[in-house]
Amino acid sequence: MFQTTIQREVSTEGIGLHTGVFGHARFLPAPADTGIVFRRTDLDNFLIEASGRNVARVSYATSLMKQGVLLSTTEHLLAAIYSWGLDNVFIDIDAIEVPILDGSAEPFLQLLDRAGIRKLRRRRRYLKVTKPVEVIESDRRIGIYPADEFRVQCYVDFPHPLVGPQQIEMVVEPGSFRELLARARTFCFERDVEPLRSMGLIRGGSLDNAIVLTDKGVLNGPLRFPDEFGRHKALDLIGDLALVGLPLLGRVEAHKAGHALHTQLVSRVLGDPSSWTITTADDHPVEALAFAEAPAAD
Ligand SMILES: [Zn+2]
């Protein structure tokens, strides 16, 4: 019902998966209607809002860019924040990339648990999908459809004996995210390691922050779930959907999608205001609230 922020400042540090650059990330409380906002403290506190408007190049990770200032690999941190129900937070980062930590969202959830949640005196607003929006690229597709809750269905199919077809379907809320997805780590194929390095990617990648798949198995097992790959893709999807900028009421279906399709969907939704309305949980139209609500303290 009400917007949230964190109770107290918390921080973490580590290297970025793609750049290998070491950085610190500090989460700070923020007032109502701030949203999720990154500040590059190494660049005079330059603000980059976690919004589809600021999506930059997207390949093996999602990067935000505003006026030429980049912040890479936001998806795991945003998945944790978005699923945890955190509406407003400043994230101070002194590097070009979010620390990868163990390659999952679990360390970010633990950080948020330490930070604690605080309710603000302003109603939470939701982006409620009212008509389907789809992005289709040959056999890959993603769509969002009207629903009264935030639900995702994510299907992947990698030709590998340990992966194959995997599907996750769930209502996204703090408990289900924690239980089903948060611990699922990022992964790559051993045969792709050198090509990716030569493209300037995964410079910070190691056996401590990514599952590496060999032709027949896993280089650094054991897996945390038999279908850890499908779960991680669902985690990535939720982290990219956070760029909508408000909690979602809608059902998202992703079929062999990835960061590029996820963020195209976000841009398409934001670019088509006829496909959604903004409501509160009790379905008061937001315009009416201006009259009903006492002035907020935050
Ligand atoms: Zn990921």
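Look a little higher up for the structure.
Along each chain, numbering runs from 1 in the same order as the chain's sequence is written. Totals for whole chains, interfaces and linings use all residues, but because this is a predicted model, local features are given only for residues with pLDDT of at least 70 and pairs of side-chain atoms are given and counted only at 80 or more. The side-chain values count all of the structure's non-hydrogen atoms but skip hydrogen atoms and water molecules.

A. Here's a closer look at the packing of aromatic side chains. Between 30 and 60 degrees the pair is tilted, below 30 it is stacked and above 60 it is edge-to-face, where a pair is any two Phe, Tyr or Trp rings, Trp via its six-membered ring, whose centres lie within 6.5 Å. Enumeration over the complete set of coordinates arrives at four aromatic pairs. Seen in terms of ring centroids, Phe158 and Phe189 are 6.0 Å apart; in terms of plane orientation they differ by 55°. Their pairing is tilted. Of this pair, Phe158 sits in strand E14 (residues 150-158) while Phe189 sits in strand E16 (residues 187-189), and the two are 31 residues apart along the sequence. Categorising residues by exposure relies on relative accessible area from a 1.4 Å probe, with only protein chains included: less than 20% of the type maximum marks a residue as buried, more than 50% marks it as exposed, and the intermediate range marks it as partly exposed. Given a relative accessible area of 8%, Phe189 falls into the buried group. Each ring, one from Phe187 and one from Phe229, has its centre 4.9 Å from the other, and the planes form 85°; the classification is edge-to-face. Of this pair, Phe187 sits in strand E16 while Phe229 sits in helix H5 (residues 228-241), and the two are 42 residues apart along the sequence. Exposure class is identical for Phe187 and Phe229. Each is buried. By the ring-pair criterion, three or more aromatic residues cluster together here, those being Phe158, Phe187, Phe189 and Phe229. Lysine and arginine charges are scored as sitting over a ring when NZ or CZ, respectively, is within 6 Å of the ring centre and within 35 degrees of the ring normal. It is Arg183 that lies over the ring of Phe225; its NZ or CZ is 6.0 Å from the centre. The aromatic ring of Phe225 is capped on one face by Arg231, whose charged end is 4.1 Å from the ring centroid. Under the DSSP-based scheme used, a helix requires at least four consecutive residues in state H or I and a strand at least two consecutive residues in state E, with every element numbered from the N terminus.

B. Main features of the coordination of the zinc ion. A donor here means any N, O or S atom no more than 2.8 Å from the metal (3.2 Å for Na, K and Ca); water is not included, so a site may seem to lack partners. Binding of the zinc ion to the protein goes through His76 (NE2), His232 (NE2), Asp236 (OD) and Asp236 (OD), at separations of 2.1 to 2.7 Å. For four-coordinate sites, all angles between 85 and 135 degrees define a tetrahedron; for four- and six-coordinate sites, opposite donors beyond 155 degrees with the remaining angles between 65 and 115 define square planar and octahedral shapes respectively, and all other cases count as irregular. Geometry at the zinc ion is irregular, judged from the four donor atoms that bind it and their angles of 52 to 148° at the metal. Of note, the donors binding the zinc ion are all from one chain and are spaced H-x155-H-x3-D. With His76 in helix H1 (residues 75-84) and Asp236 in helix H5, this pair connects stretches of sequence that are 160 residues apart. The buried category is assigned to Asp236, whose relative accessible area is 4%.

C. Geometry of the sheet that holds strand E8 (residues 69-72). Strand order in the open sheet formed by three strands is E6-E7-E8, and the pairing between neighbours is antiparallel. The open sheet has two free edges, formed respectively by strand E6 (55-58) and E8, since each of these has just one partner strand. Between one strand and the next, the sheet's axes are offset by a mean angle of 30°, whatever the strand orientation. By this definition, two strands are paired if DSSP reports at least two bridges between them. With four bridges connecting them, strand E7 (residues 62-66) and E8 associate as antiparallel partners. The partner of Met65 across the bridge, within E8, is Leu70. Throughout, an axis means a line fitted to C-alpha atoms (over the contacting stretch in the case of helices), and angles, computed between N-to-C directions, take values from 0 to 180 degrees.

D. Spatial organisation of the nonpolar core. Ranked by size, the top nonpolar core spans 64 residues in total, and within it Phe27, Phe38 and Leu241 carry the most contacts. Counting residues per element, this core draws most heavily on H1, at seven residues. The contact partners of Phe27, leaving out residues within four places of it in the chain, are Ile6, Arg8, Glu9, Val10, Leu77, Ile81, Val89, Phe90, Ile91, Phe108, Leu111 and Leu112. Here, nonpolar core refers to any group of buried Ala, Val, Leu, Ile, Met, Phe, Trp, Tyr and Cys residues whose side-chain atoms link them within 4.5 Å. Membership of the second largest hydrophobic core comes to seven residues, among which are Cys188, Val193, Leu196 and Leu201. In what follows, residue pairs with any heavy atoms lying within 4.5 Å of each other are defined as contacts.

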